[in-house]
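Below, each chain spelled out in residue letters.
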Amino acid sequence: MRKIVLSCVSLMVFWVANAQYNKEHPLVHTYSIVAYDPETGDLGVAVQSHWFSVGTVVTWAEAGVGAIATQSFSNPAFGPQGLALLKTGLNAKQVLDALIKSDEGEAFRQLGIVDANGLAASHTGAKNIPAAGHLIGENFAVQANLMDNDTVWPAMAEAYKNAKGPLAERMIVALEAAQATGGDIRGKQSAAVLVVSGSPTGKVWLDRKVDIRVDDHTEPLVEIRRLWEVHQAYEYMNKGDQAVEAGDFESASQLYEKAEGMFPDNLEMQYWHAINLANTDKMSEALPMFKAIFKKDEHWRTLTPRLINNGVLNVSDDELKKILAQ
């Protein structure tokens, strides 16, 4: 068995060596973080750059396997190939060494990897454009190149260590700290945050817990922060929908209310909250909400009777008339 595993690893290293950087690929000079959450097992990678759609090149992660950031004259092949090597049982440091050793352009590369056990590794090639460097901490690594100054990646590391909340939140805090201390010397354009679960379920849509990208924006981190907040609100909405499917309208109403509380001006969140108030015999609370919603957009009034036949709205004919009369 050991010989078979070693043969597989050797084959993969050969594969990497023969999939060198294509000079047509983008020059992704940037700052990023790869991280592991020991409490949840979640794995993540986050990045910001003055380059279009940085998330399509730099960020790679797979549930139960690891997370990778490949940047600075980026070799995008390092993403899928690095994850494949991690699956063989190699740790982050071993995978990083294999990738860099196989790459004739390693001096131009910057690479960060964290594995499913929390071991992190990072590489900054000698020909990275300064300011460039990396730091490896417990369960994370930060890396940056073409920065305004050499305080960027230490600021990221410190901010991440002191941040609270879910993994995505802490990685965003690290990106914000990088920008606050100077960031990319060219400016800002795109950003991305990717978080996957530590234990794969076999269902990619469940394993990929956060996948937020801003491809082209004057303030990509401001927009990433906004989208992260929207993401959290819609997590409550999704759970509310699941409760509706299960016929648990009381729980659904509570979940929709939490979502609405985060974005009180969002008509969709208000509407489903009102629907579930009606479903739980709280018409006195629901009717004023329907009135305010219909006043702003008549489409919601048109939609409402369509929810009767499939049981999403569970009210009597008289109660439906009262709702539509608002």
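The structure under discussion appears in the preceding block.
Residues numbered from 1 in each chain as written. Predicted model: local features only at pLDDT ≥ 70, side-chain atom pairs only at ≥ 80, totals over all residues. Heavy atoms only, no water.

Q: Give me unusual backbone geometry: which residues, what numbers.
A: Between P130 and A131 the backbone carries a cis peptide bond, its omega angle lying at 0°. Assignment of secondary structure puts A131 in the loop between strand 6 (120-124) and strand 7 (133-137). One non-glycine residue with positive phi stands out, namely S53, at about 50°. Along the chain, S53 falls in the loop between strand 2 (43-49) and strand 3 (59-62). Backbone geometry places L146, a non-glycine residue, at a positive phi of 55°. (Helix = DSSP H or I, 4+ residues; strand = E, 2+ residues; numbered from the N terminus.)

Q: Quick rundown of the side chain of E169? Include the residues and the values.
A: Considering the arrangement of structural elements, one finds E169 in helix 5 (residues 167-180). Using a relative accessible area of 17% as the deciding quantity, one classes E169 as buried. There is a polar contact of 2.9 Å between the side chain of E169 and the side chain of W228. Not counting chain neighbours up to four residues away, the residues in contact with E169 comprise K164, R225 and W228. (Buried < 20%, exposed > 50% of the residue type's maximum accessible area, 1.4 Å probe, protein only. Polar contact = N/O pair within 3.5 Å; in protein donor to acceptor, adjacent residues only side chain to side chain. Contact = heavy atoms within 4.5 Å.)

Q: Break down the environment of S74 for me, with residues and values.
A: Assignment of secondary structure puts S74 in the loop between strand 4 (66-71) and helix 2 (78-87). Through-space distance from the C-alpha of S74 to that of F108 is 8.4 Å; in sequence the pair is 34 residues apart. A polar contact of 3.0 Å, which involves the side chain of S74, links it to the backbone oxygen of T70.

Q: Lay out helix 4 (residues 152-162) with the relevant residues and their values.
A: Those residues of helix 4 that sit buried are V152, W153, M156, A157, A159 and Y160. Looking at the packing, one finds that the buried side of helix 4 touches strand 1 (30-36), strand 7, strand 8 (140-144) and helix 5.

Q: Go over the packing of aromatic side chains, please, and point to the residues and values.
A: The tally for this structure, following the rule as stated, stands at 6 aromatic pairs. Ring geometry for F140 and Y160: centres 5.0 Å apart, planes at 50°, overall tilted. Of the two residues, F140 sits in strand 8 while Y160 sits in helix 4, which places them 20 residues apart along the sequence. Judged by its relative accessible area of 3%, F140 falls in the buried class. Taking relative accessible area as the criterion, Y160 reaches 6% and is therefore assigned buried. Considering the side-chain rings of Y271 and W300, the 4.7 Å spacing of their centres and the 35° angle between planes classify their relative orientation as tilted. Of the two residues, Y271 is situated in helix 9 (residues 267-279) and W300 in helix 11 (residues 299-303); the sequence distance between them amounts to 29 residues. (Phe/Tyr/Trp six-rings, centres within 6.5 Å; stacked < 30°, edge-to-face > 60°.)

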